[in-house]
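Geometric and topological summary
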Amino acid sequence: MAFGNPFTRWVYDHSPMFFRSFMATVYSRGRGQRKFGPKFEEHLADLERTQWYAAAELRALQEEKLRRVLWQAERHVPFYRGKFAEWGVTARQLRQRSDLTRLPIVEKSTVQANPATFRSALYLEPSSVEIIHSSGTTGKAIDVAVEAGYLKLEKAFLWLQRQWCGVKPGDRTAYFTGHPVVPVARRRPPFWVFDGSEKRTFFSLQHLSKDNLPAYAAELARFNPLLLVGYPTAIYFMALHLCESGITSVRPRGIFTASETLLPHQREAMERAFGCKVMDLYGQAEYCGMIMQCEQGSYHIAEEYGVLEILGRDGQPAPAGEIGEIVCTGLNNLAMPFIRYRTGDTAVPKTGTCSCGRAGALVERITGRLEDVVVTPDGRFLSRLDFVFKEMPQVLEAQMIQEARDFLRIRIVPRPGFSEADKARITRNLRERAGNEMRFEFELVDHIPRLPNGKFRYVISKVPLEFGTARQTGEVIGAAGREA
Ligand SMILES: [Zn+2]
């Protein structure tokens, strides 16, 4: 649990299990009042209604929110107040979302250099805002200011999606989300903590190892959650163990993954092990864009949450089926608005509509962080390299390290039966996409280290990428986190 206070953290780490649960419950109850309550229910009821808006209605709602954000940013946010004049536009001239393209893209490094200038003058009173510290996957994280009470809306969006599989707020939930719930040095179970105020159990990811998996599985079966929420790599680990041990007693109604790219083989294993659907979600710490997977399996852009653009290498909207970079304008947080903000994430847009009946743009798949992309010697981008390990149960985990434009180091955690023939097959699979100029080297390891926040990196690239308008300005995107 992230108590924020070193003393309470120390007491928590040195307490017996029952007292840890007690502390977690009390802490969460305090926070819970900020997140749930009548306002949360009101937001959720609004979203339940507007999710069925027809495309034109949804567009009107989005543009109304957009005009409000732009208007407030121009008047009250120092960075934008100066920039609108410099860019030669006024908020009044920007009436619809297509007008947004008249504004340049804002880089993360610009916000990091001077975050205070992104804060609205209307929300400077400490009581009017909450400061959210994100762990940040790479580079320096940004502390984001949100309006007091904003988290109730954020939570309403999450629960809107969760309700699509027949659960409701307050149902028993198991979290695999990287919270430091027990001291890292701990060797014996429990590796989890129960929060009674919201009926949640947080499972530690730092202790999720082969030896400890049986204890995790026993606790999961005993707790019997209705939902599983967390990083795909962690829940996939659990799924493999349950399948191999023949445990079929853990039967949640839905699994909700986020924060890492969900790969097809992980989804398949999780659905098999837990007997329910996996529904994925994309969001980011700046609260400016969201993509939700529905019960029919389609990825929907949450149009009420943000204006989410997917831009190709030329800075224009990426065509359907082609990878592009996600640029977001948040519509709900007026305390620190992000307008045309380069997220560093990538996705593939899709045309058409979904049979679930919800309007709004679709995304074919989310392709991960920009630095999760391998660039080939001839300049093509390869993402989601899971096809390389397709139908290879001998590979438990794999990570690619792009050392140079023509050199990939492939780190593999092998399972019994892994052989030279597998290496040859992986090389063949890679050559098909990456071309013959790419060289490969294999490194067999017992374990692939996670980032401090428990997340897994599929690709570590030491090669600068050139993408979108950054290429025109000569700026290298993602350089801050490139060394991982
Ligand atoms: Zn749908």
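Residues numbered from 1 in each chain as written. Predicted model: local features only at pLDDT ≥ 70, side-chain atom pairs only at ≥ 80, totals over all residues. Heavy atoms only, no water.

Further remarks concern the sheet that holds strand 6 (residues 227–230). Strand pairing within a sheet occurs via backbone hydrogen bonds; the two strands may be parallel or antiparallel. Read across the open sheet, the 12 strands follow the order 4-5-3-6-7-8-9-10-14-13-12-11; overall the sheet is mixed. Two strands bound the open sheet, and with one partner strand each, they are strand 4 (192–195) and strand 11 (306–311). Direction aside, neighbouring strands of the sheet carry axes that sit 30° apart on average. Judged from the four bridges that link them, strand 12 (residues 324–330) and strand 13 (residues 341–350) form a sheet pairing that is antiparallel. Of the residues in strand 13, the one forming a bridge with Val327 is Arg342. (Pairing = 2+ DSSP bridges. Helix = DSSP H or I, 4+ residues; strand = E, 2+ residues; numbered from the N terminus. Axes fitted to C-alpha atoms, helices over the stretch in contact; angles between N-to-C directions.)

Geometrically, a metal with four donors at the corners of a regular tetrahedron has ideal angles of 109.5 degrees, and one with six donors at the corners of a regular octahedron has ideal angles of 90 or 180 degrees. Every protein donor of the zinc ion is accounted for by Cys294 (SG), His300 (NE2), Cys354 (SG) and Cys356 (SG), and the metal-donor separations fall at 2.1 to 2.3 Å. Viewed at the metal, the four donor atoms of the zinc ion are separated by angles of 103 to 121°, and the geometry they form is tetrahedral. Between the donor residues of the zinc ion, the gaps in sequence give the motif C-x5-H-x53-C-x1-C. Note on accessibility: Cys294 and His300 belong to one class, buried. (Donors = N, O, S within 2.8 Å, 3.2 Å for Na, K, Ca; no water. Tetrahedral: all angles 85-135°; square planar, octahedral: opposite > 155°, others 65-115°. Buried < 20%, exposed > 50% of the residue type's maximum accessible area, 1.4 Å probe, protein only.)

Before going further, it helps to examine the packing of helix 9 (residues 232–245) against helix 10 (residues 264–274). The geometry of helix 9 relative to helix 10 is characterised by a closest axis approach of 8 Å and an angle of 50° between their N-to-C directions. In this view, helix 9 runs oblique relative to helix 10, as classed from their interaxial angle. In the crossing of helix 9 with helix 10, the sense of the turn from one axis to the other is left-handed. Residues Pro232, Thr233, Ile235, Tyr236, Met238, Ala239, Leu240, Leu242 and Cys243 of helix 9 form the contact with helix 10, whose participating residues are His265, Gln266, Ala269, Met270, Arg272, Ala273 and Phe274. (Parallel < 35°, antiparallel > 145°, perpendicular 65-115°, else oblique. Left-handed = near helix turned anticlockwise from the far one by under 90°. Contact = heavy atoms within 4.5 Å.)

Model confidence for the protein chain is summarised by a mean pLDDT of 87, while 90% of its residues fall at 70 or above. Ignoring residues within four places in sequence, the model shows residues 468–484, a span with pLDDT below 50, making 36 contacts including any to other chains. (pLDDT = per-residue confidence, 0-100.)

Quick look at the sheet that holds strand 17 (residues 395–404) now. The strand order across the open sheet built from four strands is 19-18-17-20, with neighbouring strands paired in mixed fashion. What marks the edges here is a single partner per strand, and that holds for strand 19 (439–444) and strand 20 (459–461). Across the sheet, the mean angle from the axis of one strand to that of its neighbour is 20°, orientation sign disregarded. The pairing of strand 18 (residues 407–414) with strand 19 spans six bridges and is parallel.

Right, let's get into the packing of helix 3 (residues 38–50) against helix 7 (residues 150–163). Viewed as axis vectors pointing N to C, helix 3 and helix 7 meet at an angle of 50°, and their least axial separation amounts to 8 Å. In terms of orientation, helix 3 lies oblique with respect to helix 7. At the point where helix 3 passes helix 7, the crossing takes the right-handed sense. Mapping the contact onto sequence places Lys39, Phe40, His43, Leu44, Leu47 and Glu48 in helix 3 and Lys152, Leu153, Lys155, Ala156, Phe157, Trp159, Leu160 and Gln163 in helix 7.

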